[in-house]
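Spelled out from the first residue to the last, the chains are:
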Amino acid sequence: MTSAIIAIAAALAIALSTLGPGIAQGMTAKSAMESIARQPDAAKDIRSTLIISLALMEALTIYGLLIAFMLVAKV
């Protein structure tokens, strides 16, 4: 019974930690593309800021994966 609960917790950790950053990355990329379309001269600055922000959002997903691994190790 406890192993089933831990497995569900690991699945939830992965699901929730990818859902939020995935939506945020899509919204961020959309905004960056709109900004580049409005001001093509600033494309280099916008692109570098976009890459940094996407990497920071991806770190949240990696934290969820780490927690899932820690939970699965308890099974």
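I will try to describe carefully the structure that is included in this document. Note that this is a predicted model, so its numbers are computed, not measured.

## Overview of the overall build of the chain
Then step 1. Tallying secondary structure elements over the chain gives 2 helices and 0 strands in all.
Then step 2. For the C-alpha atoms alone, the extent of the chain along its principal axes is close to 60 × 15 × 5 Å.
Then step 3. Residue burial in the chain is summarised as follows: out of 75 residues, 17% are buried.
Then step 4. Restricting to contacts in the chain with at least 6 residues of sequence separation, those with at least 24 account for 78%.
Then step 5. Computed over 5 positive and 4 negative side-chain charges, the inter-centroid distance for the chain is 7 Å.

## Comments concerning the pattern of salt bridges
Then step 1. Counted according to the given criterion, the structure contains 1 salt bridge.
Then step 2. We note a salt bridge from Glu34 to Lys30, for which the minimum N-O separation is 3.6 Å. Pair noted here: Glu34 and Lys30 are both in helix α1 (residues 2-38), with a separation of 4 residues, about one helical turn.

## Thoughts on a nonpolar patch on the surface
Then step 1. On the surface, Ile8, Leu12, Leu16, Leu19, Ile23 and Met27 cluster together into a nonpolar patch covering about 630 Å² of accessible area.
Then step 2. With respect to the helices and strands, Ile8 occurs in helix α1.
Then step 3. Ile8 sits in the exposed class, given a relative accessible area of 53%.

## Quick word on helix α2 (residues 43-73)
Since one α-helical turn is 3.6 residues long, residues separated by three or four positions face the same way.
Then step 1. Between the first and last C-alpha of α2 there are 45 Å, a value that for 31 residues agrees with the 45 Å anticipated at 1.5 Å per step.
Then step 2. Listed in full, the buried residues belonging to α2 are Ala43, Leu50, Met57, Thr61, Gly64 and Ala68.
Then step 3. Buried residues in α2 make contact with α1.

## Description of the environment of Phe69
Then step 1. Among the secondary structure elements, Phe69 is positioned in helix α2.
Then step 2. Expressed as a C-alpha distance, the spacing of Phe69 and Ala13, which sit 56 residues apart in the sequence, is 9.7 Å.

## Overview of α1
Then step 1. Compared with an ideal rise of 1.5 Å per residue, which puts 37 residues at 54 Å, α1 spans 54 Å between its outermost C-alpha atoms and is within 8% of the ideal.
Then step 2. All of the buried residues along α1 are Ile6, Ala10, Ala13, Ser17, Pro21 and Ala32.
Then step 3. For α1, the secondary structure elements touched by its buried residues are α2.

## Quick word on the packing of α1 against α2
Then step 1. It is the contact of α1 with α2, at a shortest axis distance of 8 Å, that shows an interaxial angle of 175°. Taken together, the axis directions place α1 and α2 in an arrangement best described as roughly antiparallel.
Then step 2. Class assignment for the residues of the contact of α1 with α2 results in 22 nonpolar, 8 polar and 1 charged.

Reading guide: rules and limits
Residues numbered from 1 in each chain as written. Predicted model: local features only at pLDDT ≥ 70, side-chain atom pairs only at ≥ 80, totals over all residues. Heavy atoms only, no water. Helix = DSSP H or I, 4+ residues; strand = E, 2+ residues; numbered from the N terminus. Buried < 20%, exposed > 50% of the residue type's maximum accessible area, 1.4 Å probe, protein only. Contact = heavy atoms within 4.5 Å. Lys, Arg positive; Asp, Glu negative; His and termini not counted. Charge placed at Lys NZ, Arg CZ, Asp CG, Glu CD. Salt bridge = Lys/Arg side-chain N within 4 Å of Asp/Glu carboxyl O. Patch = residues over 30% accessible without salt bridge, like charges linked within 9 Å, V, L, I, M, F, W, Y side chains within 5 Å. Areas by Shrake-Rupley, 256 points an atom, 1.4 Å probe, with all protein chains shown as cover. Expected span 1.5 Å × (residues − 1). Axes fitted to C-alpha atoms, helices over the stretch in contact; angles between N-to-C directions. Parallel < 35°, antiparallel > 145°, perpendicular 65-115°, else oblique. Nonpolar A, V, L, I, M, F, W, Y, C, P; charged D, E, K, R; others polar.

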